[in-house]
Amino acid sequence: MSTLQEMAEAVICGNAKKVKEIAEKVLSEGIAPQTIINDGLIAGMNVVGVKFKNNEVYVPEVLIAARAMHAGMDVVKPLLSASEVQDKGIVLIGTVKGDLHDIGKNLVRMMLEGAGYKVIDVGVDVSPEKFVQAVEEHKPQIVGLSALLTTTMVNMKSTIELLESHPVKVMIGGAPVTQKFADEIGADAYAPDAATAVELADKLLA
Ligand code: B1M
């Protein structure tokens, strides 16, 4: 097994210490930071995403794997020159107005980061106006809206309406949300889980 495969395995197992050690070792051997990110860290998180989708692993394992991935990122990212940073795209994500649930949103954020996206997390209880302000500031290609309450999912509609004149794709998700609802309110994509959110982000930007 190559050292980068070993790193991917350590991400999958959530072994942050080992990921950090391998990151330091391969950097000292002259392997390019972007190669380490793509073939070690992201490769590992991709496997975790598939396992999560197939119910082979659950929320705690994903959180632990994401922590391990971040331990590697912390070593490698400062060494990337600005021109080397090749994010797949920018996703701005938040939980809609009136809603404080953020566990699912955070998982989606981590999986997107693990897949190579730059993610701007605007937090919870985010009004449509705040989303628009953040979109104008950060210029994402995709806006991700999360809602866990039947009483707050309506705020996805008002957010999409306010974003209409902005060149962004909107992806929505959260336990009460359905494809039917997404179609009704004009969302570009609906993801039932974090792994699908990554697949759909890739499709939206293809
Ligand atoms: Co709340 N809560 N809660 N709660 N809470 C629910 C959602 C509820 C179903 C519980 C119940 O009654 N059975 C219910 C909603 C009922 C409804 O609207 N139909 C409910 C309620 C009523 C409330 C309060 C109103 C309770 C009260 O105060 N009376 C209150 C509301 C506060 C507010 O938001 N204004 C409230 C508060 C809370 C806590 C603060 C205590 C806590 C939140 C802590 C936190 O998030 N930091 C909490 C929790 C933890 C839950 C439950 C137990 C778990 C939610 C969760 O984190 N699931 C939940 C009951 C349940 O689901 N069993 C419940 C795990 C998470 C990984 O899944 O968020 O679905 P989920 O995310 C998934 C997918 O949905 C998807 O990917 C994720 C990973 O696969 N996904 C996306 C999510 N966002 C996405 C975005 C995407 C794509 C995919 O694209 C952008």
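Residues numbered from 1 in each chain as written. Predicted model: local features only at pLDDT ≥ 70, side-chain atom pairs only at ≥ 80, totals over all residues. Heavy atoms only, no water.

Per an unreviewed UniProt entry, the protein goes by the name Cobalamin (Vitamin B12)-binding domain protein and belongs to Acididesulfobacillus acetoxydans. Turning to the protein, the UniProt annotation filed under Sequence similarities (unreviewed entry) states: "Belongs to the methylamine corrinoid protein family." (UniProt positions renumbered as here; feature names shortened; annotations may be inferred.)

Engineer: Looking at this model, I keep getting lost on the site of the ligand. Mind explaining?
Structural biologist: Around the ligand sit 26 residues in total, of which Leu100, His101, Asp102, Ser146 and Thr150 are the nearest. Between the ligand and the protein, one listed contact pairs an oxygen atom with a backbone N or O atom of threonine 150 at 2.9 Å. Taking alanine 175, its main chain carries an N or O atom lying 3.4 Å from an oxygen atom of the ligand. When residues of the shell around the ligand are traced back to their parent elements, those giving at least two are helix 5 (103-114), strand 3 (142-146) and strand 4 (169-173). (Near = heavy atom within 4 Å. Polar contact = N/O pair within 3.5 Å; in protein donor to acceptor, adjacent residues only side chain to side chain. Helix = DSSP H or I, 4+ residues; strand = E, 2+ residues; numbered from the N terminus.)

Engineer: Just checking my understanding: could you explain the environment of threonine 3 for this structure?
Structural biologist: Considering the arrangement of structural elements, one finds threonine 3 in helix 1 (residues 3-13). Sequence-wise, threonine 3 and isoleucine 22 are 19 residues apart; in three dimensions their C-alpha atoms are separated by 7.4 Å. If near-sequence neighbours (up to four positions away) are discounted, threonine 3 is found in contact with Ile22, Lys25 and Val26. (Contact = heavy atoms within 4.5 Å.)

Engineer: Quick question: what am I supposed to make of the domain arrangement of the protein here?
Structural biologist: How big an interface is tends to be expressed through the accessible area that disappears when the partners come together. The domains assigned to the protein are domain 1 (3-84) and domain 2 (90-205). Averaged C-alpha coordinates put domain 1 and domain 2 at centres separated by 25 Å. Contacts between the two partners involve 14 residues from domain 1, matched on the other side by 12 residues from domain 2. Carbon and sulfur atoms supply 77% of the area buried between domain 1 and domain 2, which totals about 1,000 Å² over both sides. Sorting the residues of domain 1 by area buried against domain 2 places Ile42, Phe52 and Lys53 first, and these three jointly supply 39% of that buried surface. Viewed at the interface, domain 2 and domain 1 are joined by 1 salt bridge. The residue glutamate 199 makes a salt bridge to lysine 53 at a minimum N-O spacing of 2.9 Å. Between domain 1 and domain 2 we count 2 residue pairs in polar contact (both at pLDDT 80 or more) in total. Among the secondary structure elements, those contributing two or more residues to the side of domain 1 that touches domain 2 are helix 3 (33-53) and helix 4 (59-76). (Domains from an automatic or database assignment. Buried area = accessible area lost by both parts, 1.4 Å probe. Salt bridge = Lys/Arg side-chain N within 4 Å of Asp/Glu carboxyl O.)

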